[in-house]
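Understanding the architecture of this molecule
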Amino acid sequence: MIPFANQPVVQVLNTDVYQLGEKQVLENINFAIQKGEFVYLIGRTGSGKSSLLKTLYADLSLVKGSVQIAGYELNSIRRKDIPFLRRKLGIVFQDFQLFMDRNIAQNLEFVLKATGWTDSMKMKTRIAEVLIRVGLSGEMNKMPHQLSGGEQQRVVIARALLNDPEILLADEPTGNLDPEVSEDIMRLFLSINKSGMSVLMATHDFDLIRKFPQRMLRCENGKVVERDYL
Ligand SMILES: Nc1ncnc2c1ncn2[C@@H]1O[C@H](COP(=O)(O)OP(=O)(O)OP(=O)(O)O)[C@@H](O)[C@H]1O
């Protein structure tokens, strides 16, 4: 039997979110994300979406409350365990943050090596698998600048998938892309989600939400609330 098999991937209880400098952004928030769920995180600029995501991946420290994510409790996590937590989270940002002086395979290999992989055949296989998953199997020897914005974002998603995370945390992943490319990226997230991976995606893109409706959490007035309309 797998212990905790039915536990949510994310469980946030009575939690405050603080930015650096101890500025409180969200207060007493409560929500859970189940295995296999797709959830949008919406809210105005400055409402706290990025701060909440940063708290979930332990970039901002948890000051008050309880956050369980991917089997870790963040109020008691040790600093040395944070890299292990991050391996169970696939993190996707708006700005691609690829190494521009390395090709796609090297960008992915860098992450594998940094997360403890050593066998070069296994790394090659894994890189090929994730590139197939995002529809870029022919591009592994290209440099990032030879790819379009949408393709670069696919590489970032492939990078996030390398260690087979329990949840993808995406912060405005379509923020720099035109509408058609955004829809393609959204379809990719949905197909990854369909295969069982949870996704929490912060977005401003209401057209995308209307077109691909999913559960919504909204940051507003220092709270996180469940929304069923835009
Ligand atoms: N590095 C930082 N240091 C201090 N305060 C910050 C920092 N980043 C953001 N904040 C503040 O925290 C609050 C929440 O910002 P946050 O970026 O989480 O909102 P957001 O909903 O993600 O906004 P956006 O949609 O513009 O990304 C804002 O008042 C913001 O000014």
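These figures come from a predicted structure and were not determined experimentally. (Residues numbered from 1 in each chain as written. Predicted model: local features only at pLDDT ≥ 70, side-chain atom pairs only at ≥ 80, totals over all residues.)

**Topic: the site of the ligand**
- In the region of the ligand, 14 residues are neighbours, and Gln19, Thr45, Lys49, Ser50 and Ser51 sit closest.
- Sorting the residues of the shell around the ligand by element identifies strand E2 (23–33) and helix H1 (49–56) as the ones contributing at least two each.
- The element contributing the most residues to the shell around the ligand is H1, with 3 residues.
- Considering only residue class, the shell around the ligand consists of 3 nonpolar, 9 polar and 2 charged. (Near = placed C-beta within 6 Å. Helix = DSSP H or I, 4+ residues; strand = E, 2+ residues; numbered from the N terminus. Nonpolar A, V, L, I, M, F, W, Y, C, P; charged D, E, K, R; others polar.)

**Observations concerning the nonpolar core**
- Of all hydrophobic cores here, the largest spans 57 residues; its most connected members are Leu41, Ile167, Leu168, Leu169 and Val199.
- Sort the elements by how many residues they give to this core and helix H5 (residues 149–161) lands first, with 6 residues.
- Residues contacting leucine 41, with those up to four places away along its chain left out, are Lys49, Leu52, Leu200, Met201, Ala202, Leu217 and Cys219. (Core = buried A, V, L, I, M, F, W, Y, C linked by C-beta atoms within 7 Å. Buried ≥ 20, exposed ≤ 12 C-beta atoms within 10 Å, placed from the backbone. Contact = placed C-beta atoms within 7 Å.)

**Re helix H3 (residues 104–114)**
- The set of residues buried in H3 consists of Ile104, Asn107, Leu108, Glu109 and Leu112.
- Once H3 finishes, glycine 116 follows within two positions and takes phi at roughly 95°, a positive value.

**Structural notes on unusual backbone geometry**
- Positive phi values are uncommon outside glycine, yet asparagine 28 reaches one of about 50°.
- The residue asparagine 28 is located in strand E2 in this model.
- Residues other than glycine seldom take positive phi values, yet alanine 58 does so here, at roughly 60°.
- Looking at the secondary structure, you find alanine 58 in the loop between H1 and strand E4 (64–69).
- Among the residues examined, alanine 58 registers 20 C-beta atoms within 10 Å and is labelled buried.

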